[in-house]
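One-letter residues, chain by chain:
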Amino acid sequence: MAEIFGVVNQKGGVGKTTTTVNLGAALAERGQKVLLVDIDAQSNLSTHLGLTPSPDPEAADDLGNLEAAFEHTIYDVLKGTKDIKQVVLPRSENLDVVPSSLLLSAADLELGGVVGRELILKRALANVKNDYDSILIDCPPALGLLSLNALAAVEKVIVPVQSEYLALHGVRQLLDTIDQVRSVYNPELLVGGVLICMHDNRKRLARAVADTIRDYFGDLVFDTVIKQNVSLAEAPSQGMTIFEHAPKSSGAEDYNALAEEVLHGKAKACVHA
């Protein structure tokens, strides 16, 4: 039965998608059967892996036709028109993907009146949980209905934090939200770890912020630090994971180290920060 992780931070550009893709790929390289789920309307994870659904321009003359022109995505699952097994795409050996769609941008409005709307994703994942060892969910940069669905469905949350001055802003709010979700929807929800990302150890400020993050969050912080790396920035443009694009790069080394932490139980699994 799969262990389900949510990669969450309401701040954009902190490494959520990069972490979801490459941690998932690293786990798959170790023989785990992994499913990546993209629930961000920007579809960055899908694009990163070269799986972005594309509408037929001739059919996309209104919203209804645009919806019909897209390949089936997590949007169809949340709307209840497809089972999640029908939208899973095999990406490589041991690695499958559930792609996203721009139509998710209206999810808060479209699902607002649905009874049990916070648990739609959890119910959907129950149909594939026994098919995988790990499921990783790439969440949008906002604490809306989609992120709430993810928090209600996962067992552990990984919080990527950039080693910059504004990094800590909002993370406390996120951890408070996790506490609220735990009390109402998901009593098993744990903080799996805070991950320092996009770190440049040559910069004094970056080192100081990383130290502040460790002081503030203590044992919640992963030992692994994801350093700034050109190959990590290049990989999405090629539709590749870091292990396909530059398997000997420092980015690959960092995500291999993170996978070892996760696999060997070093994810912090704390209830409260």
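Before reading further, recall that the structure is shown in the block above.
Values in this document were obtained by computation on a predicted structure and should not be read as measured data. (Residues numbered from 1 in each chain as written. Predicted model: local features only at pLDDT ≥ 70, side-chain atom pairs only at ≥ 80, totals over all residues. Heavy atoms only, no water.)

(A) Inspection of a nonpolar patch on the surface at higher detail. A cluster of nonpolar side chains, Y165, L166 and L205, forms an exposed patch at the surface whose accessible area comes to about 360 Å². Looking at the secondary structure, you find L205 in helix α9 (residues 204–217). Taking the relative accessible area as the measure of exposure, L205 reaches 52% and is therefore exposed. (Patch = residues over 30% accessible without salt bridge, like charges linked within 9 Å, V, L, I, M, F, W, Y side chains within 5 Å. Areas by Shrake-Rupley, 256 points an atom, 1.4 Å probe, with all protein chains shown as cover. Salt bridge = Lys/Arg side-chain N within 4 Å of Asp/Glu carboxyl O. Helix = DSSP H or I, 4+ residues; strand = E, 2+ residues; numbered from the N terminus. Buried < 20%, exposed > 50% of the residue type's maximum accessible area, 1.4 Å probe, protein only.)

(B) Structural view of the pattern of salt bridges. Within this structure, the stated rule accounts for 13 salt bridges. Among the salt bridges present, the one from E110 reaches K79, with a minimum N-O distance of 3.0 Å. Placement of the pair is E110 in helix α5 (residues 107–110) and K79 in helix α4 (residues 74–79), with a sequence separation of 31 residues. A residue is classified by how much of its surface remains accessible, and K79, at 38% relative accessible area, is partly exposed. Put simply, D211 and R214 hold a salt bridge, and the shortest N to O gap is 3.4 Å. With a gap of three residues between them, D211 and R214 both fall in helix α9, about one helical turn apart.

(C) Layout of the sheet that holds strand β6 (residues 156–162). Judged by pairing direction, the sheet is mixed, and its eight strands sit side by side in the order β3-β4-β2-β5-β1-β6-β7-β8 without closing on themselves. Edge positions in the sheet fall to β3 (89–92) and β8 (221–227), since each has one partner strand and no second. With direction set aside, neighbouring strand axes in the sheet form an average angle of 25°. One ladder, built from four bridges, connects strand β2 (residues 34–38) with strand β4 (residues 95–98); its direction is parallel. For V37, the partnering residue across the bridge sits in β4 and is V98. Along the sheet, helix α1 (residues 16–29) contacts β1 (3–7), β2, β4, β5 (134–138), β6 and β7 (190–199); its crossing angle with β5, the most-contacted strand, is approximately 165°. Its contacts with the sheet place helix α12 (residues 250–263) against β1, β7 and β8, and it is angled at close to 165° to β8. (Pairing = 2+ DSSP bridges. Axes fitted to C-alpha atoms, helices over the stretch in contact; angles between N-to-C directions. Contact = heavy atoms within 4.5 Å.)

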